[in-house]
Amino acid sequence: MNHTFVANPADIERKWYLVDAEGVTLGRLASEVAKILRGKNKPEYTPHVDTGDYVVIINADKVAVSGKKLDQKIYFSHSDYVGGAKYATLRDMMQKKPELVVKHAVRGMCPKGALGDQMFTKLHVYAGPDYEQKAQKPEKVTF
């Protein structure tokens, strides 16, 4: 009788990947990175286990968007105080915190809940070409 394989979190080998976001469309970048974080690129993928790898994204300030998204896409945040609503366009966010834009896009494509939170901790985003994880020798990935 055949048995279904279920990944054991202790036996998962995690790799490091480096993604250069320069000129890559934001949504396409986010979906591909979410697949790697989730582990869908591995044969031992199991839906309820975090089988994903670590991802380092560089040049987040040079990510591309199409159409009129720079002026029409709105990011909303609230301070939990009365009248504490804040709105920012994508253009403003790209000037102030470009790594937050990429993180927000990837987080939206990860599963919601504890599994998604655990997977999201393996994402590292940097606005420029320099990154701190050079000792892990990440493997370069292109989309």
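Everything below is about the structure printed above this text.
Only a predicted model underlies this, so the values are computations on that prediction, with no experimental measurement involved. (Residues numbered from 1 in each chain as written. Predicted model: local features only at pLDDT ≥ 70, side-chain atom pairs only at ≥ 80, totals over all residues. Heavy atoms only, no water.)

Chemist: Just give me the short version of the nonpolar core, but keep the residues and values in it.
Modeler: Core analysis: the biggest nonpolar cluster contains 29 residues, and L29, V33, V55, I57, V102, V106 and L123 have the highest contact counts within it. Looking at which element gives the most residues to this core, the answer is helix α1 (residues 26–38), with 7 residues. By size, the runner-up hydrophobic cluster in this structure holds 6 residues, among which are V56, I58, Y126 and Y131. (Core = buried A, V, L, I, M, F, W, Y, C linked by side-chain atoms within 4.5 Å. Buried < 20%, exposed > 50% of the residue type's maximum accessible area, 1.4 Å probe, protein only. Helix = DSSP H or I, 4+ residues; strand = E, 2+ residues; numbered from the N terminus.)

Chemist: Can you break down α1 residue by residue, with the values?
Modeler: Given a rise of 1.5 Å per residue, 13 residues ought to cover 18 Å, and the 18 Å separating the end C-alpha atoms of α1 matches this to within 8%. Those residues of α1 not exposed but buried are L26, L29, A30, V33, A34, I36, L37 and R38. (Expected span 1.5 Å × (residues − 1).)

Chemist: Tell me about the packing of aromatic side chains, residues and numbers included.
Modeler: Two aromatic rings are characterised by how far apart their centres lie and by the angle between their planes. The full count for this structure, using the stated rule, is 2 aromatic pairs. Each ring, one from F76 and one from Y87, has its centre 5.3 Å from the other, and the planes form 45°; the classification is tilted. Of this pair, F76 sits in strand β3 (residues 74–78) while Y87 sits in strand β4 (residues 85–89), and the two are 11 residues apart along the sequence. As far as burial versus exposure is concerned, F76 and Y87 are alike and both exposed. (Phe/Tyr/Trp six-rings, centres within 6.5 Å; stacked < 30°, edge-to-face > 60°.)

Chemist: Any details on the side chain of D50? Residues and values, ideally.
Modeler: Relative to the elements of secondary structure, D50 occurs in the loop between α1 and β2 (54–58). Given a relative accessible area of 5%, D50 falls into the buried group. In this view, D50 contacts I12, R14, L37, L115, Q118, M119 and K122; residues no more than four positions away in its chain are not counted. (Contact = heavy atoms within 4.5 Å.)

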